[in-house]
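Structural overview
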Amino acid sequence: MKALAEGHNVSPEIIEKLRKPIVVAGLCLAWELVVRGMQVNPLLFPAFSDVVMHLAAGLGLGGSGELWGYIWDTLRVLLQAYAISVALAIFMTGLAVGNRWAREVLSVMTGIFQPLPSIALLPMAILWFGFSQESLIFVVVMSMLWPIASSLTVGFATVSPTLVRLGQNYELSRISLVTTVLVPSALPMMIAGLKVGWGFGWRTIVAAELVFGATGGGGGIGWFINNSRLFMNVADGFAGIMLVIIIGLATESLFIALQRLTTQRWGTETA
Amino acid sequence: MATAANRAARFEQLSPGEPLVTIRDASIAYSTRGRAATLAVDSVSIDIRKGEKFVILGPSGCGKSTLLTAIGGFIPLTSGSIKIDGEPVGSPSMDRIMVFQDFGQLLPWRTVLGNVTWGIRRRFPKMSRSEAQARARECIALVGLDRQSPQYPNTLSGGQKQRCALARAFAVAPALLLMDEPFGALDAINRERMQAELNRMLMEGARGMTVIFVTHDVNEAVHLGDRIMVMSRGPGRVRALIDNPHVGSPLFHADAMPLAAELRELLKDTENTVS
């Protein structure tokens, strides 16, 4: 084995780096071969190459490029909900830092809503807001808000008392103590919370759109996936699923890049 | 800011030997919720002279750090008074810079140079960025960290972090430098190295500053302090106040050994009174 590696002049580091791409490529190849080789009905499970073709077409490579519209529909709702959640979380955490009752209320609310998959609130949201964007935003906010708020609270609660004293020693005002000491100190937990919150929201919105699609609403990638099933464009549906995965991975790596630029460089990472 | 500058100016007018810090019957009690208050510092009275290096020596738990923290203005007294140049101590100020034992006293998101420059810009807001950086580089060179100045604190050793904290404190030029066992968390070799260098660093970086240094290390106290105040434990009281003729002599110098032995005995006695 060793002799083989030396003979081909492949260093262990290169193998290490290639391991993941090789596994991914292997899985795709297996998908393709199994579907083609066992002659699976493409209306039930299309081959990998078909799905890729449909995805490319959907993104405008030799096709309509209709997927961009759906992506934008989903992301627009998600970004709105994200902004609302972050603002609410900062507001609630701010109250909780200064007041024990507010802290208890936040902790109880977080305890209640964390374990509840917020998609379970969608029927109620439809009852209150109808088949509208507000319903979507409501359930997505309910999925994002609590993890963000609780990690913000933990972040502020674990700021080193020495750094707070340092801030007092250098005569920082309350506001500049928050901006120059507390927020950067809490940043590792903040980024972690934003990442988890985004992940929850992303799952929730796709699920919510599936329900909307089934009842004849409109818009979004989830709706597109469900519609593809209705019209038996199964390869399109798979392309939609693949897109959901790709976007999820892309935002994940955005957060990782943010961590590399800040907390990793400072050595203040928690996990 | 203006008042701080005025106060600093008035410190300069005091001649050496005049008391700068006047502590009278200072007591500090901690009250944990629901439990009876424990007395950490019990009616301590002492004058600390301008320009001297004053060491507070005591076993752990004798309230020496608590007293220092109160001089810094971080915690209130339960009774008694601490006055600096005749004025009661208020909230913490840049006139009294504290160097903590905790390595985490540097801002992790600023480099060594960034940390020192931050302190300077807080203290002298009108100073230009380049001027502040030049001053920061001087202080960093003084503590021997030149090569580490572009590094973030997480890449520094414990000793290097404390050097950086010292450089930042020097750069701010406080009237009073408060040091709370700054080498207490270092390993033995690094601690001795820092102790051996501290006198030089104080000579060059803290000229004219009054230094109050808290420690439980007898050799550190003898090496460093013009005067040494020994505290006893449970509750913290002044046990002895000693003029130290051996200040500045090399660590473990033979002439200083009798005094060190005497101090060690005093510390042992204070241990016994507890149990």
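Residue positions are given per chain, counting from 1 as you read along its sequence in written order. Both sets of labels track the order of writing: A upward for chains, 1 upward for ligands. Predicted model: local features are reported for residues with pLDDT of at least 70 only, side-chain atom pairs are reported and counted for 80 or more only, and whole-chain, interface and lining totals are derived from all residues.

Looking now at the overall build of chain B. The number of helices and strands found in chain B is 8 helices and 10 strands. Its C-alpha atoms give chain B a radius of gyration of 19 Å, within 12% of the compact-globule value 19 Å for 275 residues. Backbone-placed C-beta atoms define the burial measure: a residue is buried with 20 or more other C-beta atoms within 10 Å of its own, exposed with 12 or fewer, and partly exposed in between. Taken over 275 residues, chain B has a buried fraction of 46%. Only DSSP runs of H or I covering at least 4 residues are called helices, and only runs of E covering at least 2 are called strands; the numbering of each starts at the N terminus. Two things to know: the radius of gyration comes from C-alpha atoms, and the globule rule equals 2.2 Å times the number of residues to the power 0.38.

What follows concerns the overall build of chain A. Regarding its fold elements, chain A presents 12 helices and 0 strands. Helices (α) and strands (β) of chain A occur, in sequence order from the N terminus, as α-α-α-α-α-α-α-α-α-α-α-α. Against the compact-globule benchmark of 18 Å for 271 residues, chain A has a radius of gyration of 23 Å, which places it well outside the compact range. Each principal axis of the C-alpha distribution contributes one length, and for chain A these read about 70 × 65 × 30 Å. The buried share of chain A, taken over its 271 residues, is 35%. In this description, a residue-residue contact is defined by the distance between C-beta atoms placed from the backbone, which must lie within 7 Å. Pairs at least 24 apart in sequence give 65% of the contacts found in chain A among residues at least 6 apart.

It is worth spelling out the nonpolar core at this point. Think of a nonpolar core as buried Ala, Val, Leu, Ile, Met, Phe, Trp, Tyr and Cys residues, each tied to the set through C-beta atoms within 7 Å. By size, the foremost hydrophobic cluster in this structure holds 77 residues, and its most contacted members are Ala167(B), Leu178(B) and Ile212(B). If one sorts the elements of this core by residue count, helix H5 (residues 158-172) of chain B sits on top with 8 residues. When residues of this core are assigned to domains, at least three fall in each of domain 1 (2-95 + 175-274) and domain 2 (107-173) of chain B. Excluding anything up to four places from it in sequence, Ala167(B) contacts Val116(B), Cys139(B), Ile140(B), Leu142(B), Val143(B) and Leu145(B). Formed by 53 residues, the second largest nonpolar core is a distinct cluster that contains Ala96(A), Met144(A), Ile148(A) and Ile205(A). Each domain's limits were defined by an automated method or a database of domain assignments.

Before going further, it helps to examine the sheet that holds strand S1 (residues 19-30) of chain B. Residue and element names in this part refer to chain B. Reading across from one edge, S2-S1-S4-S5 is the order of the 4 strands in this open sheet, with antiparallel pairing throughout. Strands with a single pairing partner mark the edges of an open sheet, and in this sheet they are strand S2 (38-49) and strand S5 (87-88). DSSP calls a pair of strands paired once it identifies at least 2 bridges connecting them. Direction of pairing for strand S4 (residues 79-84) relative to S5: antiparallel, over a ladder of 2 bridges. Bridge pairing in S5 places Ile-84 opposite Glu-87. Relative to the sheet, helix H2 (residues 64-71) contacts S1, S2 and S4, its axis offset from that of S1 by approximately 120°. All axes here are fitted lines through C-alpha atoms, helices being fitted over the stretch that makes contact, and every angle between N-to-C directions spans 0 to 180 degrees.

Here we take up the domain arrangement of chain B. Residues and elements named next belong to chain B. Each assigned domain of chain B is listed with its residue range as follows: domain 1 (2-95 + 175-274) and domain 2 (107-173). A straight line from the C-alpha centre of domain 1 to that of domain 2 covers 25 Å. Listed by partner, the interface residues are 13 residues for domain 1 and 12 residues for domain 2. A per-element tally of the side of domain 1 that touches domain 2 places helix H6 (residues 188-205) first, with 6 residues. Polar here means any residue other than Ala, Val, Leu, Ile, Met, Phe, Trp, Tyr, Cys and Pro, which are nonpolar, and Asp, Glu, Lys and Arg, which are charged; Gly is therefore polar. Residues of the side of domain 1 that touches domain 2, tallied by class, amount to 9 nonpolar, 2 polar and 2 charged.

All names here are of chain A. Residues of helix H6 (residues 122-129) that are buried: Leu-122, Ala-125 and Ile-126. Looking straight down H6, one finds its buried side chains confined to an arc of 100°; they lie on one side. Residues of H6 that are exposed and point over 90 degrees away from its buried face: Pro-123, Met-124, Leu-127 and Trp-128. Where H6 terminates, the next one or two residues include Gly-130, which has phi positive at roughly 75°. Picture the helix axis, draw a direction to every C-beta atom, and the arc is the one those directions span.

Between chain A and chain B, the contact holds 14 residues from the first and 16 residues from the second. Taken together, the elements giving at least two residues each to the side of chain A that touches chain B come down to helix H8 (161-169) and helix H12 (263-266) of chain A. No other element matches the 6 residues that H8(A) contributes to the side of chain A that touches chain B. Considered class by class, the residues forming the side of chain A that touches chain B number 5 nonpolar, 6 polar and 3 charged.

Attention shifts here to the environment of Asn154(B). In this structure, Asn154(B) sits in the loop between helix H4 (129-142) and H5. The sequence separation of Asn154(B) and Ile84(B) amounts to 70 residues, and the corresponding C-alpha distance is 36 Å. Discounting residues that sit within four places of it in the chain, Asn154(B) has contacts with Trp266(A), Gly267(A) and Pro108(B).

Time to look at the confidence of the model for chain A. Summarising the model, chain A shows a mean pLDDT of 87, and 93% of its residues fall at 70 or more. The weakest mean pLDDT in chain A belongs to helix H1 (residues 2-7) of chain A at 49; the strongest belongs to H8(A) at 93. The pLDDT value expresses, per residue, how confident the predictor is, ranging between 0 and 100.

All names here are of chain A. Considered domain by domain, chain A is made up of domain 1 (12-58) and domain 2 (67-266). For domain 1 versus domain 2, the separation of C-alpha centres amounts to 31 Å. If you look at the interface, domain 1 gives 7 residues, while domain 2 gives 9 residues. Across the side of domain 1 that touches domain 2, the residue classes break down as 4 nonpolar, 2 polar and 1 charged.

All names here are of chain B. Within the secondary structure, Phe-54 is located in strand S3 (residues 53-57). The class for Phe-54 is buried, based on 22 C-beta atoms found within 10 Å. Considered as a pair, Phe-54 and Asp-243 are 189 residues apart in the sequence and their alpha carbons are 9.8 Å apart. Discounting residues that sit within four places of it in the chain, Phe-54 has contacts with Ile-48, Val-211, Ile-212, Gly-225, Asp-226 and Arg-227.

Residues Gly220(A), Ile221(A), Gly222(A), Trp223(A), Phe224(A), Ile225(A) and Ser228(A) constitute the buried set of helix H10 (residues 220-230) of chain A. Just beyond H10(A), the residue with positive phi is Met232(A), at close to 60°.

Bringing the sheet that holds strand S9 (residues 227-232) of chain B into the picture now. Residue and element names in this part refer to chain B. Ordered in space as S6-S7-S8-S3-S9-S10, the 6 strands form an open sheet in which the pairing is mixed. The sheet is open, and its two borders are formed by strand S6 (96-99) and strand S10 (237-243), each paired with just one other strand. Averaged over neighbouring strand pairs, the angle between their axes works out to 20° when direction is ignored. In terms of strand pairing, strand S7 (residues 176-180) meets strand S8 (residues 210-215) through 5 bridges, oriented parallel. Directly across from Leu-178, in S8, lies its bridge partner Ile-212. Along the sheet, H2 contacts S3, S6, S7, S8 and S9; its crossing angle with S8, the most-contacted strand, is approximately 150°.

Now for unusual backbone geometry. Residue and element names in this part refer to chain B. Phi is positive for Asp-25, which is not a glycine, with a value near 50°. For Ser-43, which is not glycine, the phi dihedral falls at a positive 30°. Position of Ser-43 among the secondary structure elements: in strand S2.

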